[in-house]
Amino acid sequence: MISKFSRVFSKVDKKFFATYRTAKDIPANLEREKMNLFTAVNNALDITLQTDSKALLFGEDVKFGGVFRCSLGLNEKYGNDRVFNTPLCEQGIAAFGIGLASTGVTAVAEIQFADYIFPAFDQLVNEAAKYRYRSGNQFNCGSLTIRTPCGAVGHGAHYHSQSPEAYFAHTPGLKVVIPRDPVQCKGLLLAAIRDKNPVIFFEPKALYRGAEDMVPKADYELELHVADVVKEGTDVTLVAWGAQMRVISEAAAMAEKDGISCEVIDLQTLYPYDLDTLCQSVNKTGRCIISHEAPITCGLGAELTAAIQEKCFLRLEAPIQRICGYDTPFPLVHEPIYLPDKFKVYEGIKKAVKF
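First things first, this report covers the structure right here in the doc. (Residues numbered from 1 in each chain as written. Predicted model: local features only at pLDDT ≥ 70, side-chain atom pairs only at ≥ 80, totals over all residues. Heavy atoms only, no water.)

### Focus: the side chain of Thr48
And step 1. When you line up the elements, Thr48 lands in helix H1 (residues 37-51).
And step 2. Reaching out from Thr48, the side chain makes a polar contact with the backbone oxygen of Ala44 at a distance of 2.9 Å.
And step 3. Ignoring sequence-local partners within four residues, the contact set of Thr48 consists of Ala55, Leu190 and Ile193. (Helix = DSSP H or I, 4+ residues; strand = E, 2+ residues; numbered from the N terminus. Polar contact = N/O pair within 3.5 Å; in protein donor to acceptor, adjacent residues only side chain to side chain. Contact = heavy atoms within 4.5 Å.)

### Details of the pairing of strand E2 (residues 16-20)
And step 1. The element E2 is extensively covered by neighbouring structure, given that four of its five residues are classed as buried.
And step 2. One ladder, built from three bridges, connects E2 with strand E11 (residues 220-222); its direction is parallel. Counterpart to Thr19 in the pairing with E11 is Glu221. (Buried < 20%, exposed > 50% of the residue type's maximum accessible area, 1.4 Å probe, protein only. Pairing = 2+ DSSP bridges.)

### Describing the sheet that holds strand E6 (residues 106-110)
And step 1. In spatial order, the strands read E5-E4-E6-E7-E9-E8-E15; together these seven strands make up an open sheet with mixed pairing. The sheet is open, and its two borders are formed by strand E5 (83-85) and strand E15 (269-271), each paired with just one other strand. When strand polarity is set aside, the average angle formed by the axes of neighbouring strands in this sheet is 20°.
And step 2. The pairing of E6 with strand E7 (residues 144-150) spans four bridges and is classified as parallel. Within the sheet, the bridge partner assigned to Glu110 lies in E7 and is Arg147.
And step 3. In the packing of helix H3 (residues 90-102) onto the sheet, contacts are made with strand E4 (55-59), E5, E6 and E7, and the angle to E4 comes to roughly 170°. (Axes fitted to C-alpha atoms, helices over the stretch in contact; angles between N-to-C directions.)

### Quick notes on the packing of aromatic side chains
And step 1. Within this structure, the stated rule accounts for 13 aromatic pairs.
And step 2. Ring centres of Phe330 and Tyr338 lie 4.7 Å apart, and the angle between their planes is 55°; this geometry places the pair in the tilted category.
And step 3. Residue classification places Phe330 among the buried positions, given a relative accessible area of 7%.
And step 4. Within the aromatic cluster, the residues linked to one another by ring pairs are Phe118, Phe121, Tyr167, Phe168 and Phe202. (Phe/Tyr/Trp six-rings, centres within 6.5 Å; stacked < 30°, edge-to-face > 60°.)

### Regarding empty space enclosed by the protein
And step 1. Counted according to the given criterion, the structure contains one cavity of 30 Å³ or more.
And step 2. Along the wall of the largest cavity there are 14 residues; nearest its centre are Ser163, Glu165, Trp241, Ala243 and Glu293.
And step 3. The biggest single contributor to the lining of the largest cavity is strand E16 (residues 288-295), with four residues.
And step 4. In terms of residue class, the lining of the largest cavity is built from six nonpolar, six polar and two charged. (1 Å grid on protein atoms, 1.4 Å probe; cavity = no way out; pocket = protein on both sides within 12 Å on 5 of 7 lines; lining within 4 Å. Points joined across faces, edges and corners; volume = space filled by probe spheres on them. Nonpolar A, V, L, I, M, F, W, Y, C, P; charged D, E, K, R; others polar.)

### Observations concerning the sheet that holds E16
And step 1. Pairing is mixed across the open sheet formed by five strands, whose spatial order is E12-E14-E13-E16-E17. One side of each edge strand has no neighbouring strand; the edge strands of this open sheet are strand E12 (228-231) and strand E17 (321-325). Here the strands of the sheet are splayed against their neighbours by 25° on average, with no regard to which way each runs.
And step 2. Strands E12, strand E13 (236-240), strand E14 (262-266) and E16 of the sheet are contacted by helix H8 (residues 244-256), whose axis makes an angle of about 175° with E14.

### Side note on the environment of Gln123
And step 1. By the secondary structure assignment, Gln123 is in helix H4 (residues 121-128).
And step 2. By relative accessible area, Gln123 is classed as buried at 15%.
And step 3. Sequence spacing of Gln123 and Gly97 is 26 residues, and the spatial spacing of their C-alpha atoms is 9.8 Å.
And step 4. Sequence-distant contacts of Gln123, that is, excluding residues within four places in its chain, are made with Gln91, Ala94, Ala95, Ile98 and Ala128.

This is the structure in structure tokens:
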């Protein structure tokens, strides 16, 4: 049983920081500050650089704050040796980060858009993911974190809208995390940076300024590998992550007016994922819908569907549904048609209940 709260002693900063199971376990009396997603990222990076003298932050335009301003002010505060620009070369950024991490440096690299992470694919999948395994645990690059903005933003078309998480969730040796809001983002990012495995941290760019919350000012972590039951329900289990959480939450509210009770779950860590929480929910509701922006074929929803039905087959009242992006390149003018919106999820909920 994982405790909801624990105190962790950091050997790096000689201070205590808190670790919570999920965001709702954070005490309400903590001092908080209004942040959106990009300022929550900035705050987590600031804490990392302040508390870990081995931490370095780098990427394209990172010195100047980055395209989305996530590193704004950090170069001025910590200097050129710790916060700096790199050449426009994703393969080089990843390789540089692996090399730094293998020497014990806390390497936090930014890939400017997730759509452009593919030149670094070989470095991440064949080098970072296998570094510890191939050396028999003599060496590792576990202190590497790759941050990258992902997902639809309303006008990004096929080169600035993709959600490539499934490519990396297929890779043993990597961890894949996607947050849904500022409170969760700060805690998960600090946990990812301090985790002793390479982590790819996808940040939904539509939420950078579109999600706001009162975020604890203190240093805290949220546990990786834990799915968060955001809303309890009895009739249908809805599973998503990142920006899609807002979509399924809105669909659940629509279904509530019809007397349908939906349990809403944020997967949070996509690999390795929390199957136990998913199965506990589906065994209760008997129905499950998984939704993500990425194309449906071979998306993470397919893996979750197979795993859940293996464990919950005799309790299912309806087939598990995947409501996802279409199998096309991400469109521009047709983005509203492509995206799995709340209306598509709502129709899926009614279909599941009527089956």
